[in-house]
Amino acid sequence: MNVNVPFWRATGIRAVKTFAQTAVALIGTNAAGITAVDWVGVASGAALAGIVSVLTSLATGLPEVSEVKSDADVQ
């Protein structure tokens, strides 16, 4: 796995999307109105999902970030 600028950019984008999707899901499950939302709980759950997304990217890599081959590898 090549951890470089494109990797961190893709990881950040993926983590932000995961954070937003989780926040929307948590808001939708416990909201009777905008004032009834447990914002601390939503932020906590969404942050945890974002952190897990980053750790998963580090552990498994990202399919959208291709491995860059050196000139020696290309023949």
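Scroll up a little and you will see the structure.
Residues numbered from 1 in each chain as written. Predicted model: local features only at pLDDT ≥ 70, side-chain atom pairs only at ≥ 80, totals over all residues. Heavy atoms only, no water.

**Student:** Any details on the overall build of the protein? Residues and values, ideally.
**Tutor:** Looking only at helices and strands, the protein has two helices and zero strands in total. A burial count over the protein gives 20% of its 75 residues as buried. Counted over contacts in the protein with a minimum sequence separation of 6, partners at least 24 positions apart contribute 71%. (Helix = DSSP H or I, 4+ residues; strand = E, 2+ residues; numbered from the N terminus. Buried < 20%, exposed > 50% of the residue type's maximum accessible area, 1.4 Å probe, protein only. Contact = heavy atoms within 4.5 Å.)

**Student:** Lay out a nonpolar patch on the surface in plain terms, naming residues and giving numbers.
**Tutor:** Taken together, the side chains of Val-3, Trp-8, Ile-51, Leu-55 and Leu-58 make up a nonpolar region of the molecular surface, amounting to roughly 460 Å² of accessible area. Top contributing element to the nonpolar patch by residue count: helix α2 (residues 39–60), with three residues. Along the chain, the position of Leu-58 falls in helix α2. (Patch = residues over 30% accessible without salt bridge, like charges linked within 9 Å, V, L, I, M, F, W, Y side chains within 5 Å. Areas by Shrake-Rupley, 256 points an atom, 1.4 Å probe, with all protein chains shown as cover. Salt bridge = Lys/Arg side-chain N within 4 Å of Asp/Glu carboxyl O.)

**Student:** Mind laying out the pattern of salt bridges, listing which residues take part and the relevant values?
**Tutor:** Taken as a whole and judged by the stated rule, the model has one salt bridge. Residue Glu-64 is joined to Arg-14 by a salt bridge in which the shortest nitrogen-to-oxygen separation is 2.8 Å. In this pair, Glu-64 sits in the segment after α2 while Arg-14 sits in helix α1 (residues 5–30), placing the two residues 50 residues apart along the sequence. Of the residues examined, Arg-14 reaches a relative accessible area of 31% and is grouped as partly exposed.

**Student:** I'd love a proper account of the environment of Thr-60, names of residues and values included.
**Tutor:** Position of Thr-60 among the secondary structure elements: in helix α2. Among the polar contacts listed, one links the side chain of Thr-60 to the backbone oxygen of Thr-56, at a separation of 2.8 Å. (Polar contact = N/O pair within 3.5 Å; in protein donor to acceptor, adjacent residues only side chain to side chain.)

**Student:** Go over the side chain of Thr-11, please, and point to the residues and values.
**Tutor:** Along the chain, Thr-11 turns up in helix α1. Those residues in contact with Thr-11 that lie beyond four places of it in its chain are Val-54, Ser-57 and Leu-62.

**Student:** Tell me about the packing of aromatic side chains, and name the residues and values.
**Tutor:** As enumerated under the stated definition, the model contains one aromatic pair in all. Each ring, one from Phe-7 and one from Trp-8, has its centre 5.3 Å from the other, and the planes form 80°; the classification is edge-to-face. Note on Phe-7: relative accessible area 2%, which makes it buried. (Phe/Tyr/Trp six-rings, centres within 6.5 Å; stacked < 30°, edge-to-face > 60°.)

**Student:** Any chance you could break down the environment of Ser-57 for me, citing the residues and the numbers?
**Tutor:** As for its placement among the helices and strands, Ser-57 is situated in helix α2. For the pair Ser-57 and Ala-15, spaced 42 residues apart in the sequence, the C-alpha separation amounts to 9.1 Å.

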